[in-house]
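Tertiary structure, described
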Amino acid sequence: MYLIARLELSYAGVMDFMGIAPKVREKMEAHGCRMLHAMITDIDRLNTVIHIWEVPDANSYFAAVDALKADPDFPEIVSALARAVVNETLSFASDTPYAPMRG
């Protein structure tokens, strides 16, 4: 299963986000969510970041978020995200029968 996160950033928040995102990645990966890709749009809404995460199931994502909320670094993380992110859309998705095999 995959989690696709579409994060629209403010112009002023891009640097805050780029600074805190590696810490969020590290902490989420420590709890079973694996980032497969992170990209920023060149065409479309500017300063939109798209993350693709592989998660065992929806419950594991929610458990990782709960662990993040309990982490001592959470106040710093949530403060940076609040300054940077103006809109967030999360979607769960599964492979189609014709998806390329990953090795």
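Residues numbered from 1 in each chain as written. Predicted model: local features only at pLDDT ≥ 70, side-chain atom pairs only at ≥ 80, totals over all residues. Heavy atoms only, no water.

**A look at helix 2 (residues 58-70)**
The terminal C-alpha atoms of helix 2, which comprises 13 residues, lie 19 Å apart, in line with the 18 Å expected from a rise of 1.5 Å per residue. Considered for burial, the residues of helix 2 that qualify are Ser 60, Tyr 61, Ala 64, Val 65 and Leu 68. Buried positions in helix 2, seen along its axis, are confined to an arc of 140 degrees and lie on one side of it. Facing away from the buried side of helix 2 by more than 90 degrees, the exposed set consists of Asn 59 and Ala 70. Of the surrounding secondary structure, the elements contacted by the buried residues of helix 2 are strand 1 (2-9), helix 1 (14-29), helix 3 (74-84) and strand 4 (85-93). For helix 2, the N-terminal cap is Asp 57; the gap from its side-chain oxygen to the backbone nitrogen of Asn 59 is 3.1 Å. (Helix = DSSP H or I, 4+ residues; strand = E, 2+ residues; numbered from the N terminus. Expected span 1.5 Å × (residues − 1). Buried < 20%, exposed > 50% of the residue type's maximum accessible area, 1.4 Å probe, protein only. Arc of directions from axis to C-beta. Contact = heavy atoms within 4.5 Å. Polar contact = N/O pair within 3.5 Å; in protein donor to acceptor, adjacent residues only side chain to side chain.)

**Description of the nonpolar core**
Formed by 14 residues in total, the largest nonpolar core has its most connected members in Met 28, Cys 33, Trp 53 and Tyr 61. Only helix 1, helix 2 and helix 3 provide two or more residues apiece to this core. Element by element, the count of residues in this core is highest for helix 2, at four residues. Aside from chain neighbours lying at most four places away, what touches Trp 53 is Met 1, Tyr 2, Leu 3, Arg 25, Met 28, Glu 29, Cys 33, Arg 34, Met 35 and Leu 36. (Core = buried A, V, L, I, M, F, W, Y, C linked by side-chain atoms within 4.5 Å.)

**Considerations on the packing of helix 1 against helix 2**
In contact at an axis separation of 9 Å, helix 1 and helix 2 are set at 120 degrees when each is read in the N-to-C sense. The orientation of helix 1 with respect to helix 2, classified from their angle, is oblique. Considering how the two elements wind past one another, helix 1 and helix 2 form a crossing that is right-handed. Contact residues: helix 1 offers Val 24, Lys 27 and Met 28, while helix 2 offers Tyr 61, Ala 64, Val 65 and Leu 68. For the contact of helix 1 with helix 2, the residue count by class is six nonpolar, no polar and one charged. (Axes fitted to C-alpha atoms, helices over the stretch in contact; angles between N-to-C directions. Parallel < 35°, antiparallel > 145°, perpendicular 65-115°, else oblique. Left-handed = near helix turned anticlockwise from the far one by under 90°. Nonpolar A, V, L, I, M, F, W, Y, C, P; charged D, E, K, R; others polar.)

**Brief notes about the packing of aromatic side chains**
Tallied over the full model, the rule gives three aromatic pairs. Centroid distance Tyr 61 to Phe 62: 5.2 Å. Interplanar angle 65 degrees. Geometry classified as edge-to-face. By relative accessible area, Tyr 61 is classed as buried at 12%. Relative to Phe 92, the ring of Phe 62 lies with its centre 6.1 Å away and its plane at 65 degrees, an arrangement referred to as edge-to-face. Of this pair, Phe 62 sits in helix 2 while Phe 92 sits in strand 4, and the two are 30 residues apart along the sequence. According to the relative accessible area criterion, Phe 92 is partly exposed, its value standing at 35%. Through pairs of rings, three or more aromatic residues link up here, namely Tyr 61, Phe 62 and Phe 92. (Phe/Tyr/Trp six-rings, centres within 6.5 Å; stacked < 30°, edge-to-face > 60°.)

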